[in-house]
Each structure stands twice: as structure tokens, then as C-alpha cells.
Amino acid sequence: QEVSQQETTYQISQRPDTDNPTEVAVGVYLIDFDTFDEIDESFKLNGYLFLTWQDQRLAFNPSQTAVNSKTYNIGEIWTPNIKFLNIESVRETAYILLKVEPDGTVYYKERFTGQFNSEMNLQRFPFDRQRLRVIVESLDNSKNLVLLADNSKTGTAKDAFLTGWRIRDFQAFPRVRVSEVEEENFSEYVYEINISRYHNPYIWNVFLPLFFIIIVSWTVFWSRSFESNTVIATSSLVSAIAFNIVVVEELPKVAYLTFINGFILIVYVFICLVIIYTVVKHWLDLEKKKELSLKIDRTARWLVPAVFSVSNIILIAAFLL
Amino acid sequence: QEVSQQETTYQISQRPDTDNPTEVAVGVYLIDFDTFDEIDESFKLNGYLFLTWQDQRLAFNPSQTAVNSKTYNIGEIWTPNIKFLNIESVRETAYILLKVEPDGTVYYKERFTGQFNSEMNLQRFPFDRQRLRVIVESLDNSKNLVLLADNSKTGTAKDAFLTGWRIRDFQAFPRVRVSEVEEENFSEYVYEINISRYHNPYIWNVFLPLFFIIIVSWTVFWSRSFESNTVIATSSLVSAIAFNIVVVEELPKVAYLTFINGFILIVYVFICLVIIYTVVKHWLDLEKKKELSLKIDRTARWLVPAVFSVSNIILIAAFLL
Amino acid sequence: QEVSQQETTYQISQRPDTDNPTEVAVGVYLIDFDTFDEIDESFKLNGYLFLTWQDQRLAFNPSQTAVNSKTYNIGEIWTPNIKFLNIESVRETAYILLKVEPDGTVYYKERFTGQFNSEMNLQRFPFDRQRLRVIVESLDNSKNLVLLADNSKTGTAKDAFLTGWRIRDFQAFPRVRVSEVEEENFSEYVYEINISRYHNPYIWNVFLPLFFIIIVSWTVFWSRSFESNTVIATSSLVSAIAFNIVVVEELPKVAYLTFINGFILIVYVFICLVIIYTVVKHWLDLEKKKELSLKIDRTARWLVPAVFSVSNIILIAAFLL
Amino acid sequence: QEVSQQETTYQISQRPDTDNPTEVAVGVYLIDFDTFDEIDESFKLNGYLFLTWQDQRLAFNPSQTAVNSKTYNIGEIWTPNIKFLNIESVRETAYILLKVEPDGTVYYKERFTGQFNSEMNLQRFPFDRQRLRVIVESLDNSKNLVLLADNSKTGTAKDAFLTGWRIRDFQAFPRVRVSEVEEENFSEYVYEINISRYHNPYIWNVFLPLFFIIIVSWTVFWSRSFESNTVIATSSLVSAIAFNIVVVEELPKVAYLTFINGFILIVYVFICLVIIYTVVKHWLDLEKKKELSLKIDRTARWLVPAVFSVSNIILIAAFLL
Amino acid sequence: QEVSQQETTYQISQRPDTDNPTEVAVGVYLIDFDTFDEIDESFKLNGYLFLTWQDQRLAFNPSQTAVNSKTYNIGEIWTPNIKFLNIESVRETAYILLKVEPDGTVYYKERFTGQFNSEMNLQRFPFDRQRLRVIVESLDNSKNLVLLADNSKTGTAKDAFLTGWRIRDFQAFPRVRVSEVEEENFSEYVYEINISRYHNPYIWNVFLPLFFIIIVSWTVFWSRSFESNTVIATSSLVSAIAFNIVVVEELPKVAYLTFINGFILIVYVFICLVIIYTVVKHWLDLEKKKELSLKIDRTARWLVPAVFSVSNIILIAAFLL
């Protein structure tokens, strides 16, 4: 008799304790990354969303019921109205498990997949680290619903991987957001994954080849054949352009200069200088100033590599240190 | 007794006040852009749609009900039939919150995601600004439903970003659309976001390299080796083609000339002139007119850069001023 | 009493007048194009589908009901079973409005999005016009259901656009299709939009650069340096190949030659002839036939451009006239 | 009275005649191809699936019912459990029509869209023909359900097209599949469409340009300038590489050599031989063996084209005959 | 009477035998691969999921019921809560068949499609083998639900194929996973497909062309023309860059060096050495050390190919053995 009465009094639309804000401990656990789109600056991950809260109305006596925990379906009991703030459209839910312990503690476990927006700072590219954010927000006013961090349920799976990146560590913390258009405050839970890019492929595939090209262009300082020098120097230019185009297609159009763009610009400037140098040398020969021509050759042989090295040291200092 | 009767008389399909047009205040708030497709001239954003209207039938006495506002689910009360006009297919709705205040004011808050079409003017590309439009339309005749602008609920989130663009500001205003095929007028609400393109990446990756290439091609004015000159000039041509192809793949096929295409055409013309100039010089040498050949060299050294500069000033004046 | 009886006798699965074929006036109105895939030869558009038919069973007396028109939901009254024939899978319906006038005229308005297949004739590319077809078909035998054209409800929105194309005009007409496998005839309504391609981008980005390249290759008729000539001529070849590859990736693999392919083939042939000509000239010089070599140079200077012009005039005549 | 009883005895989950296997005549009719993915070796088509079977329980007396055929919705009568075997995930169903004739013959017509896997043999590419298979399978044991071919309902629409391919003809036949893991046999119906590739675009865009390049490289047999020869020969090499890369991106990574790859390999070998030949000629000149050098030139002029032709004839014989 | 009682006592949410863990035999059978994304390191397959377990509550007497097996719909009887662990979002289910034998053995057959994540080791690329994993997990504690391997129902279809790969064999085994954030153990079933890449296309399209290029660059050891040598050597460099870019776009950005990258790096180093060698030879000629110049030529002719071969043998030994 009593049980049925209790059930009729349980109102699913009402929070457990309407006098005080309901505290919900949130944990986000990364299972794996699905995709990562550098151009759109978004990533797709799938993970667990763990929620824990107290609902005294669901407490029960384990000796009576002969079970240590009760299982519910979604829609049978009150659950907090929680969404992701920086998600594109809606998260996909693979499944939800709801378990209540005798003391009324409700455990909510959801496996979800979502596409999240995350602005990136690519200034140090390809030596950059990124902070990928997943922001959980309560749709209810922070007077009613408060999100707490549940560190025991927050983490990243050991075998999670993201192609091209090393997953370093994560932070998680709650905070309060003041709405810009509504006169309300909302409780949030921020989960951040720190990743650092594998820069090795860029060293083998961009920096090293460009470095070879630059060295090849410097051979003009030892040669006296104008024709050969122009062939070498212009081939270097065409090669540098090819790498520039490859890099352009990988990066979003950011407002600032990235490290790799800076390096390519230096390479451009030096190759163009080499072409101009070659013509100057030729012109000196035409003007019967062969002595001067030989002299600048001897200087360029050590000066140009030195200035190139200094330029790159300055570039590294400005971008990476 | 009275309450239940009132409920039975509430007809969900009927507007609050059938004698007068229902006024709905609309607010659109951008949370974030998801994608932006330059080739298809469309963009995907997610945001809030705020609607506010009066429904006296839902007014209640807060002292009786002990709550300051009532919450409803969609389908329980009348809501205005509102869609996006320039959307591709249907918007995705993440969630809808419906709140009624004691005086019968209904607050509707929806988080939505939609792909919108927006024709772009790319004449000034990459120095262009675009106006992205989201048009809310009433499906009901403007005699029945009037949309108003709710400026307090309209805006853009501070941390919204669109890769490659700076979000500048927004406007919002209501207007009336006369249907072209139906004898009806429809009330609309137009929300415009102004964005300006980050042109820096194009300066580093297209303009500066092309400028280097042009300068390299001018070295032929100082050289007397026909073989070297052809190598330099034709390499410049091949390099310019490479950049042209990169630019072509980024832009939709618009009927008009864009700024960047204009610049590339100028570069083409000058490089081809340099090649022809080179052959002319060689031909003059063959014809034993070396004096003339040297003379035009001396003129070209300042004339060609000057004409190139003037061409670009004219281009800038025609497109950007 | 009578009304309730009438309602019970209304059978939703039955056509308004089972003795005669039901005539449905169809109007298709283009709101906007979403995408256009040249390679797959398909396009996606969203528009309105207007249907109008007579259903005497729904006629009512406006003085009794105090309204001038009744609104129904889909599924409440009989609606014709109508689909798109050339659609990929199913159309997405954003919304449907159903309105009945006192005389029993039913107005059906649907906003839909669909991906349609449409074979294209690209022979004149990029100076081609295309006819995009949207075919509405009745699933019922033409003895039962006849589609008529409703010209007042057919059209294209003024602000509709399709990237890369100019929307010219449209036609719409009904027709009857004889099924190839079933012994039945079906009534169809064909809506055609005529579009013409913006050819300007191809002129700036393909024809003009290739024209410059051809002109550059002709400089060999004025030069006596075999080395320079080979550099110029082979660079022209490499440049032409680059444009050929760009064009190949834009076009579907059609069985016939397109105008742009024809032009590129002519360019290939002329550049290869220039290379062979260069070697012939060099060979004549080796054989001590310098006089002959100079003579063919003087002829080639006007003959080759003339033949090239004639070739292109023939090409234009064959493809575009 | 009797009718209602009959209805209660009709069990939708039971086959028409449980004593004998139910025979279902299957017809597949291609409306149109949607996409074709060469790299993933899959295609998407939409068509009609026609099924015809006998269900005596649904037979009726047309004179009593005053209709010549009855229409049912799916779920109202028993339908065979039929799927596509080689489909990716599930087919999309646009609509299903179910019609029963007085003698109990049930006609089932479904418009479907599906993405099918189909391994391709590309050895003769681009002169290949492919056989695209759509396999209909019964989920029920072949003791219970037997699929037959209904040739009158099988075919391809006259205006069906597949970009880049000619649709030739089709076959359709039933067969029995022995399950590899279950001890059961399943009845299948195989529908095959034979298509042949339009090879013309490859002739214009790959074979003809490569042929021009090869001819250009042969000009070195008439020239005595080592510098020009290397320019011509290396440009040919770079051009051939460009076409190789274009072809690589169009083809899946198959384990065997395709015809086009074979041709490109021959082109590579001949261009490399030309480069080596050029150096040998130069070396002979250096070694003061000019007579020999001239002699091998005279031989190469006819020998190399001859060997090239023979190589290609062998290639064609090995791949295409 | 008894039957109806038994039915009322059957609780769908309860496991067959609550005193002991329920043992579920799992079989995964690959029908076909749909897609394989090397860059995102994921694959999509469709297959059968077979589950077999004992549910005494469903046992029946075949002589009474006159059938040898009963068929159920999903939702009518208890089924184990089983998901895929390494899936992206949710699997699509084409259909589920549920059959119960007289002794209470339940056979569950599901056709599913899923996109799975699978980290790859590409060090030996393109001579690599991969192990594609599909992990089935129980959502219930391993005290309640134990997964066993059902080898008779595990396999790969004979006509399954994966473009670019050879399907070799498969393993399947159960294991227990200790949760990192929950104090629970979960039973898992791991199904692994071993595939090896078709490396032939890479030999024809990358290794062989690069090998030709390297051989071409070695012709400079026989030539005394500095101009020709620079043309040959720089063309080789540009060609090698083209292949490098093609390879870069096919591979994900892994932290380690792959075999093909190692080979390309060796090619780069040797081509750059050839360019430098060329300049050195020219410089020796300028310095009137022609004897030395000829001498190093004679040495380089056999030394450079030898060192190149040794480098490649070391590379092969380090990566492939």
C-alpha cells in the first residue's frame, strides 16, 4: 500500500530537493577521438559522461528489496538537464545506464559521441600544443543546479589516440557562466585535453627537403657558369613553392603568421637573393669586374649561410621560446 | 473545478487572440559557426532562437501556484509556426525550453543548428567583407502573425569564431515579404552577421611569393645571357601558374573578376612581356644592334617596375577603394 | 448529428470522386539551390511543391463555421500519392500546410529538399547551358490520377542562385509515362530550369593563360639560340599540362570531346610542333643550311599564328555555333 | 460474421502455405545510378524491387467487393523477409505499394536506394568492363522461401546513366548460397548490370599527351646540342610524372598492374633511355668518337620508335586481347 | 492455465539464471568492408554478430508445440546488453533474428554496420600488415555476464574484400577488462582481422619512378657539360619532390619514420649530393684541376651506386627484417 502511494507522489519533473540547489558531480572520460579537422578547427570524440547526484526520494532498504542497487530506464526518474555548450548540433547517445544505491545516490553513465568546436592557436605550428575543450552546461539556473567536478570519474583511456597528436594530460574544473542575453547564471563543467603535435613528419617532409634546397641554391657561390646558376636557383624557387602550397592546404587561414610560414618566407627571401646575386655576379663579369665578382663569391660562401642561420635562430626565438 | 474547465477550453491550434495579429518578438543569438563552404556559398551555424509572445490564456496567479513561472513541453501550448527561409532542408533542434510568466508572457528558447545559403560578393577577395544572413519567416499570413525584433536577445557569443574570418558586428530587423506565387504577405526577421576575411594568409602565401617571382623575372634587364634569361622568365611563368591554380581551387566560379585574379592576370602579362622582351633583346643582338639592346635594357630597369606599380595602383583603386 | 455522420463516412484512403480521375494541379517553385555536383551530374535544391485539387466531401458553409478556410494536418484528409521520379532516395520535407476552401478546393503547400539526377551535355563546356529537370510522378495509374500544370504556382525565387551558373528561365508541363515493366501509364509533371554557365572564370583562369603560353612559345621564331628555344618550348608544354590536369579534375568522364578539351589538344599539338620546329631549325643549322633555316623562320612568324587562329575558328564553329 | 472470423485466423507471421516452400518471383529494375566510387569499389543506385507471390488466404471474390484488386499497407499482410546481401548497412525505402489480385497473387513494388559493394577488375583500365552485382537474399531457409527470377519485371530504365560509363545490358538469375557458418542454405537472386568505361577521356587526357611527350623526347636523335637535349628529355620526364600522379589518384591500389600503368612504365623506361642515350652521345663526342655518335643517331631515329611501337603492341596484346 | 502463468512470471529485465553469471558465446563474421580511412585510422565493416546463450525459462516441448524452434522479436525476451567498445558512435543494425530451441538455447543473429577506430603501425609502409580489431564488450559486470568465443560462428566471408589490402586471417578470443574509472570488471570478446597491404602499386608508382630518377641523376658522372648536369640534377630533385608530396598526402602524420619516407630521404640526399658534386667538378675545372675532376668522375661512377645500394640495404634491414 505504502509503496504505491510513494510512487504516486514521486514527480519526475521535480528536482530531488527543491529548497536547495541540486549538486551534480560530473565526470567526462575520453574513450577515443574519431576525427580532427584542422581546417574547421573542430574535433569529434566519443566518451563517457558520468553524473552522480542524491535523490532521497529513491532511497530504499536493501534488506527489503534483496538487491544492492536498483536499475532504472531514462524517463523513469528525474535526471538533470545537461548539455554540451561547444558542441555542433546534438550529441549522439550510444546508451545510458542509471543505477540507484540504497542511500539514494544516483549513478548516471552515458556513452556519447559529439563534434566539438575548439579554436586553435597555430602560431607555433608544427611545434604547437592545443587544448581541446569539452564544456558541459546545465540548462537550469545555477540557483537550481550546480555542477561539481568528479575527479575519480574523469580521465582518458590509455589506448585512446589521435592521429598526428600525442595526448598529454587533462584538466577538469567547474565554473559559472554569466549569460550575455539572459539574466541568469549557468553552472558549467570544463574538461580540457592537452595534446601536442607530432612534428617529426614536418621535419622529414618539409623542413629537411627545404633545407636541402637552400643548400643546393648556395652552390652558385662556387660556380662561374651563369646558365647553370640560374637553373639551380630557379629550380630551388619552384621547389620551395611546391612545399609552400602543401603547407597552405594543411593550415586554416589564421590572421597571424605561423612558424612554418615564417620559415618558408625566409627560404623564399634567400632563394630570391641567390637569383639576384647570380645576376649581379654575371653583370660584374660583363662589366669586366671579375676580381670583385670573385671576391663577393668568397664572402657569400660563409656570409649567406651565416645570415640564414641567424635568421632561423631569430625565428625560433620569436616563435618557439 | 474552474481550472479543469479552463484547460478544456484551451485550444492548442488557436492563436492567443484571434481578433488581432499575434506579435512575436524574435531574437537570434549566434553560439558558434560550424562550417563555412566558400565554393557552395553556404555556412552552418548553431545558435539560440528566442521567441517571446503574450498568451493571456496561460496567465496565472503566482500566489496560488507558489511558483514564479511555469514550464511547459513543446506541444502542450500554442507556439508560433516559425521557420528559417534561407536554410538548406530543416534545422536541427538540440532542445527547446518553454517558460510562462504570471502575466501570460511566454518565453521560448531553442538551440538550433542549420546550414544556410548566402550569396557572396567576392570582387574584393581576399580583402572582402561578407554579410551572412539568417532569415526567420512566419508560415502564417502577416495578418495573423507579426515578427518583431527583440534586440535584448539578439547577439553573438564572445567566443564564437569562424576560421579565416573576423566576426565584426550584426544587425537585426523585421520586414514583410510579398509572396511571388501566393497572394499573401509574410512577416520576416532578418539577422545579419558582418564578417571580414583575414587577408594576411593570402599576403604571405600568394601576393608576397608572386611579388618575389616578378622581381626575379626583372633580373633579365641586367643580364646579357639569353639562355639564362629564358630559364629565369619561364620559371617565373611556371611559378605564377602554380599560384593561379591554388587560387582557382579556393574560389567559386563567379561571373566577375576578383581582385586576386586581377593581380594574377597582371603578373601573367608582365612575365609574358619579360619573355618577349628577352627574345627581342636576343634578336637585336643577332641583328648587330647591341647599342639599342643595351639602351632598352637601361630603360626597362626603371620603366617596367614603374608600370607594374601603376598597374597595381589602378587595380587597387578599381577594386578596393 | 449530420456532421458527425458525414465524418464517419469520409474515407481517407479513397479518392474524392472514384468515378472520374482526380485532377491535381502541380506547381514547383525553386527557393534555392543547395549543391551542384558536376562529377556525379546531380543537384540538390529546396523549393515548394504546390498541389491543388477538388474534394467535394470537404466542402463547407463558411457562414456556419465562421472561418473562410479550414486547416488540416497531413493524415487527416486524402492527399494524392505523389513522388519525385529522378530523385536520389527520398525528399526531405521541412513542413506541409493543408488548407481547404468552402468549395472543397484543397491547397497543399510543401517545402522540400531533394537531390536530383540530371544527365548533362558538356560538349560546349564552359560555354554550355544545362536543363535541370525535376520530374513529379503520380504513383497511381493515370486512369485514377492526372497531374496538370499550375503555372501560377510555378517559378523560381528572385534571390535563388547557383554558384557558377546564371539561372535563366524555366518551363513546366505535364506528360504521360508508359511504364517499361508494368502495364500501366503514369501521369508526370516536368519542371525544367535552364541555366547557363559563367564562362568568365574559365577565360581568365584557363584560356587566357594558355593563350599567353602559346604566344610565348612562338618567340622561338625570332630566336637563333637552340638552348633557349628548347627551354621556352618545354616550359610551355609543362604549363599546358598543368592546365590540362586542372580541367580534367573539374569535368566528368564523358564519352565525347568537350570544347575546352579540344582547345587544350590544339595547344598541345602546336607546342609539340614548336618543339619539333626548333629541332629542325637546329638541324638545318648543323647541316649548314642557315639560309633555309632563316627562311622558314620568316614564314613561321605569320603562318603558325594564322593556322592556330584558323584551328580555333574551326573549333568554335564545330562546337559553339 | 464470416469475414471477421477469417480475419482473426489470418496470422501475419505465418507463410501462406506452411507445408510447401513459398515461391517469390523477384524483379529488380534500375531507375538510376546515384554515385560510383572507384576507390572504395562501391556504387549507389536507386531502383524498384518487385516481388510477386501467392497467398491464397487473401484471395477474394471481385464481384462481391466491387474492386478488381485490393491495396494493403506494409504490416497488414505477410511479406517475405528479403534483404540485399552485398549492401553497405541498410537500404532506404522511398515507398512500398502492395496490391492483391482476386486469385491471391500479391504484387509488391518498392522503390529503394542502396550503396552496394562490388569488387572490380581493373586490369584493362581504362578499357575495362565491369559487372555490378546486386544480390537479393532471403533471410529464411531455402526450405521455406525460394526466390525465382521474374524477367518481366527486371530491367534498366532507358534514361538511366552512370557518369563515365556506358550501361550495356543486364542478367538476372536465382541461386542457392550455402552458409559458411550456419548449417543452412539461403535462396538468392542475383541481378548484374554490365557497364563499359568511356575510354575516350583517357585517350585525350592521358594517352595522347604522353604520346606527344614521347615524340618530343625523340627529337634528341636529330640534335647535337647536349644542353638542349637534356632540357627536352628531363622536361619529358617531369611531364610523364605529372600524368602518372593523376592516374594514381584515380585508381584504387590493386595488387596487379593495370594497362594504363603498364603504358606509363613503358613511357618512363623510354624517356630514361633517351636521357642516358643523350649522355652517351655527349660522352662519345668528348671521346672524339663523333662518327660513332652520328651513326647511333641515325639508327636511333627509326629503331627507338619501332621498339616503342612493338612494346605497346605487346602491352595491348597482353592486356586487351 | 499453466502456460499463461509461466508467461506472467517471465521478467524480461532479469537474466536467465540470477545465481550464476550468464555465459554468452559470441561470434563475429565479416561480410564485407565498406571503407578504410588511412588518415583517420578507422575502418567501416558490415558483418554478423552471433550470440548464443541458455535461457531455461524459454525451453519448450517440441511435440506439444509442433515446431522445432520458436522465433521471437527483439524486446520480447531477455537479451544480453552488448556493445562494441572501439566503435565511433553507434552500430547500425540491418536486422536481428532470434530463435529459441526446445532446450532453451537462444540463437541471436544480427547484421550490423559500424565504423571502428584502430591505431595502425605504419613503420613498414607500404610493406606493412595491420591488425584490425573489433571489440565486443558487455555493459554488465563480468560477475553477471561472461562472453565466450564461439569459433564455429566466427569468420570472414570468402568474397569479402578491402581495396588495397589482402585479407589474411583472423583470431578471436575473450578477455576481461578492468575499468580505469569504475570499480568493475567487464567481459570482452576481441575479433582481429589480419590484413597485409598490396605493395605492388607503390613499387610501380613510387619506387620504380624514383629509381629511374636516381639513375638519370647519375648520368652526370659521364658528362663534362656543367649546364646539362645542373639541368639533369635539378630536374631529378623536382621529380623527387613531386613523389614526396604524393606520399605525404596518403599517410597519417605518425611520430616515427616510415620505410617509404626513409627511402625518399635517401633519394633526396643522393640527388643533393649529385648537385653538389656537379658544382665541385665545375669548380675543379675552373681551378684547372681537370685531371682530378676526371678522376673523381671515374670513382663516382661505381662508388655512388654502390653507396646507394648499401644505404637501401641498410634501410631494408632496419625497417623490414
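As shown above, the structure is provided for reference.
Since the structure is predicted, the reported quantities are computational estimates derived from the model, not experimental observations.

Caption draft 1: Just the overall build of chain A, in detail. Broken down by element type, chain A carries six helices and 11 strands. Relative to a compact globule of 321 residues, whose C-alpha radius of gyration would be 20 Å, chain A shows 31 Å and is clearly more extended. Taking the principal axes of the C-alpha coordinates as reference, chain A spans close to 115 × 40 × 30 Å. Among the 321 residues that make up chain A, the fraction classed as buried is 56%. The contacts of chain A with a sequence gap of at least 6 include a subset with a gap of at least 24, amounting to 74%. Put simply, chain A shows about 13,500 Å² of open surface, and 54% of that area lies on carbon and sulfur atoms.

Caption draft 2: Molecular detail of the arrangement of the chains. Structurally, chain B and chain E remain out of contact, their C-alpha atoms never closer than 10 Å. When C-alpha atoms are compared, chain C and chain E, though not in contact, are closest at a spacing of 10 Å.

Caption draft 3: Focus on the relation of the copies chain B and chain C. Superposing chain B onto chain C takes a rotation of 72 degrees plus a shift of 0.0 Å along the axis, which leaves an RMSD of 0.0 Å. When the rotation and shift are considered jointly, the pair of chain copies conforms to a five-fold rotation axis. Both copies present different contact surfaces, since only 6% of the interface residues of chain B are interface residues in chain C too.

Caption draft 4: Examining the sheet that holds strand 7 (residues 129-141) of chain C more closely. Residue and element names in this part refer to chain C. Strand order in the open sheet formed by four strands is 4-7-11-10, with antiparallel pairing between adjacent strands. The sheet is open, and its two borders are formed by strand 4 (82-84) and strand 10 (165-178), each paired with just one other strand. Neighbour-to-neighbour, the strand axes of the sheet open up by a mean angle of 20 degrees, direction not taken into account. The pairing of strand 7 with strand 11 (residues 185-197) spans 10 bridges and is antiparallel. Among the inter-strand pairings, N141 is bridged to a residue of strand 11, identified as F186.

Caption draft 5: Representation of the side chain of T219 of chain E. Note that T219 of chain E resides in the loop between helix 3 (200-217) and helix 4 (226-250). The class for T219 of chain E is buried, based on a relative accessible area of 6%. Setting aside residues up to four positions removed in sequence, T219 of chain E forms contacts with I276 and V279 of chain D together with I232 of chain E.

Caption draft 6: Geometry of unusual backbone geometry. Here the amide bond leading from F125 of chain A into P126 of chain A is cis, since omega sits at 0 degrees, within 30 degrees of zero. Positive phi outside glycine occurs at S89 of chain C, with the angle close to 55 degrees. Following the sequence through the fold, S89 of chain C ends up in the loop between strand 4 and strand 5 (92-100). Judged by relative accessible area, S89 of chain C falls into the buried class, the value being 14%. If you check the backbone angles, E41 of chain E has positive phi at about 55 degrees while not being a glycine. Here E41 of chain E lies in the loop between strand 1 (22-37) and strand 2 (42-54). For E41 of chain E, a relative accessible area of 3% corresponds to the buried category.

Caption draft 7: Spotlight on the environment of S228 of chain C. Relative to the assigned elements, S228 of chain C resides in helix 4 (residues 226-250). Apart from residues lying up to four places away in sequence, S228 of chain C is in contact with F226, E227 and T230 of chain B. A polar atom in the side chain of S228 of chain C sits 3.3 Å from the backbone nitrogen of E227 of chain B.

Caption draft 8: Representation of the environment of D17 of chain D in the model. Residue and element names in this part refer to chain D. By secondary structure assignment, the location of D17 is in the loop between helix 1 (2-9) and strand 1 (22-37). With 127 residues separating them along the chain, D17 and N144 place their C-alpha atoms 9.5 Å apart. Separated by 3.0 Å, the side chains of D17 and N20 make a polar contact.

Caption draft 9: Region of the structure containing the interface of chain E and chain A. Facing the 51 residues of chain E at the interface are 56 residues of chain A. A combined buried area of about 4,400 Å² lies between chain E and chain A, and 64% of that area is made up of carbon and sulfur atoms. Taken as a group, E180, V181 and K253 of chain E account for 15% of the area that chain E buries against chain A, more than any other trio of residues on that side. In this structure, the connection of chain E to chain A is made through two salt bridges.

Caption draft 10: Here's a closer look at helix 3 (residues 200-217) of chain D. All names here are of chain D. The first and last C-alpha atoms of helix 3 sit 24 Å apart over 18 residues, in line with the 26 Å expected at 1.5 Å per residue. Largest kink in helix 3: about 30 degrees, centred on F207, with the proline P209 one to four residues after it. Buried residues dominate helix 3, accounting for 13 of its 18 residues.

Caption draft 11: Broad picture of a nonpolar patch on the surface. Residues and elements named next belong to chain B. A cluster of nonpolar side chains, namely V269, L273, I276 and V280, defines an oily patch on the protein surface of about 280 Å² accessible area. Along the polypeptide, V269 turns up in helix 5 (residues 259-286). Judged by its relative accessible area of 34%, V269 falls in the partly exposed class.

Caption draft 12: Quick peek at the packing of aromatic side chains. All names here are of chain A. Counting across every chain of the model gives 105 aromatic pairs over all chains. Ring geometry for F127 against F259: centres 5.5 Å apart, planes inclined by 80 degrees, an arrangement best described as edge-to-face. One end of the pair, F127, is in the loop between strand 6 (105-117) and strand 7 (129-141); the other, F259, is in helix 5 (residues 259-286), with 132 residues separating them in the sequence. We classify F127 as partly exposed; its relative accessible area is 22%.

Caption draft 13: Representation of the interface of chain B and chain C in the model. Facing the 51 residues of chain B at the interface are 56 residues of chain C. Summed over both sides, the interface of chain B with chain C buries roughly 4,400 Å², with 64% coming from carbon and sulfur. Broken down residue by residue, the surface that chain B buries against chain C is led by E180, V181 and K253 of chain B, which jointly contribute 15%. Seen at the junction of chain B and chain C, the total is two salt bridges. The shortest N-O distance in the salt bridge between E250 of chain C and K253 of chain B comes to 3.1 Å. Run the count over chain B and chain C and you get 21 residue pairs in polar contact (both at pLDDT 80 or more). Listed by contribution, the elements that provide at least two residues to the side of chain B that touches chain C are strand 4 (82-84), strand 7 (129-141), helix 4 (226-250) and helix 5 of chain B. Looking at the side of chain B that touches chain C residue by residue, the classes come out as 29 nonpolar, nine polar and 13 charged.

How each quantity is defined
- Residues numbered from 1 in each chain as written.
- Chains lettered and ligands numbered in written order.
- Predicted model: local features only at pLDDT ≥ 70, side-chain atom pairs only at ≥ 80, totals over all residues.
- Heavy atoms only, no water.
- Helix = DSSP H or I, 4+ residues; strand = E, 2+ residues; numbered from the N terminus.
- Rg over C-alpha atoms; globule rule 2.2 N^0.38 Å.
- Buried < 20%, exposed > 50% of the residue type's maximum accessible area, 1.4 Å probe, protein only.
- Contact = heavy atoms within 4.5 Å.
- Areas by Shrake-Rupley, 256 points an atom, 1.4 Å probe, with all protein chains shown as cover.
- Least-squares fit on C-alpha atoms with pLDDT ≥ 70 in both.
- Pairing = 2+ DSSP bridges.
- Axes fitted to C-alpha atoms, helices over the stretch in contact; angles between N-to-C directions.
- Polar contact = N/O pair within 3.5 Å; in protein donor to acceptor, adjacent residues only side chain to side chain.
- Buried area = accessible area lost by both parts, 1.4 Å probe.
- Salt bridge = Lys/Arg side-chain N within 4 Å of Asp/Glu carboxyl O.
- Expected span 1.5 Å × (residues − 1).
- Bend = angle between axes of the 7 residues up to and from the residue.
- Patch = residues over 30% accessible without salt bridge, like charges linked within 9 Å, V, L, I, M, F, W, Y side chains within 5 Å.
- Phe/Tyr/Trp six-rings, centres within 6.5 Å; stacked < 30°, edge-to-face > 60°.
- Nonpolar A, V, L, I, M, F, W, Y, C, P; charged D, E, K, R; others polar.

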